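Descriptive analysis of the structure
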Amino acid sequence: MKHLLCALMMLTGIASALELPSTDGKSYDPAAVGDKKAVVLFFVSPFCSTTKSFMKEINQITADYSDRVVVYLVHSDPEITNEVAMEHAILSEVKATVLLDKEQALAKQVQARITPEVVVLSPKSETLYKGRINDLYLGPTKRQRAATTKDLRDALDAILAGKPVASPQPEAQGCKIGGIK
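Residues numbered from 1 in each chain as written. Predicted model: local features only at pLDDT ≥ 70, side-chain atom pairs only at ≥ 80, totals over all residues. Heavy atoms only, no water.

**Observations regarding the pairing of strand S7 (residues 117–121)**
Rules: We call a residue buried when its accessible area falls under 20% of the maximum for its residue type, exposed when it is over 50%, and partly exposed in between, using a 1.4 Å probe and counting protein chains only. In this text, helices come from DSSP runs of H or I with a minimum length of four residues, and strands from runs of E with a minimum of two, each type numbered from the N-terminal end. Note: two strands are recorded as paired if DSSP finds a minimum of 2 bridges between them.
Counting buried positions along S7 gives five out of five residues, so the element sits mostly inside the fold. The side-chain alternation of S7 yields two buried faces, one formed by Glu-117, Val-119 and Leu-121 and the other by Val-118 and Val-120. Bridging between strand S3 (residues 39–44) and S7 involves five bridges; their strand directions are antiparallel. Bridge pairing in S7 places Phe-43 opposite Glu-117. Taken together, the four bridges between S7 and strand S8 (residues 127–131) define a ladder with antiparallel strand orientation. In the strand pairing of S8, Leu-121 is matched with Thr-127. Between the antiparallel neighbours S7 and S8 lie five residues, among them Ser-125 with a positive phi of about 65 degrees.

In structure tokens form, the structure reads like this:
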């Protein structure tokens, strides 16, 4: 019965309050929205060149939307230490709170598999969007000169306007999160 309940909770969102450590020394519940409309989870890796290509846009999205949504940068690779995450945050001038998901509990709950990949959760922890930031990468090694879509921005604008997010949601392209099956 316990396994059935956990499976049901995972299908509808984050199973329970999850506290993850941050590079700022505090712990955060990545599903807590407070007075905001949603939570944006950017799954990233400092070891993935695709992630590096998106950091400027991730920072700009954080700046543009953080007054209305909670934004986290999430490191789910068990090999990433607090020091590595902090160095990545400094070098990339990260504007969001940086979480360490070394046990991969959050990545597994929201079914994140790729970096960079974004998951947007509702105040009820329902997944509203899961996919790419934009179409800069059309395949694992197929990069365009510039993005021609704004998939995540379009999704956030719809969510903030109280409208449904367009479907299907485009898959993220990048590096596999280490240890995720």
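After that view, the rundown keeps rolling.
**Observations regarding the pattern of salt bridges**
As a reminder, the rule being used: Definition used for salt bridges: Asp or Glu carboxyl oxygen within 4 Å of a side-chain nitrogen of Lys or Arg.
Taken as a whole and assessed by the stated rule, the structure comprises six salt bridges. Note that Asp-64 and Arg-153 form a salt bridge whose closest N and O atoms lie 2.9 Å from each other. Note that Asp-64 is positioned in helix H2 (residues 49–65) and Arg-153 in helix H5 (residues 151–160), a separation of 89 residues in sequence. On the basis of relative accessibility, which here comes to 30%, the residue Asp-64 falls in the partly exposed class. A relative accessible area of 14% places Arg-153 in the buried class. The network of salt bridges with shared partners includes Glu-57, Asp-64 and Arg-153.

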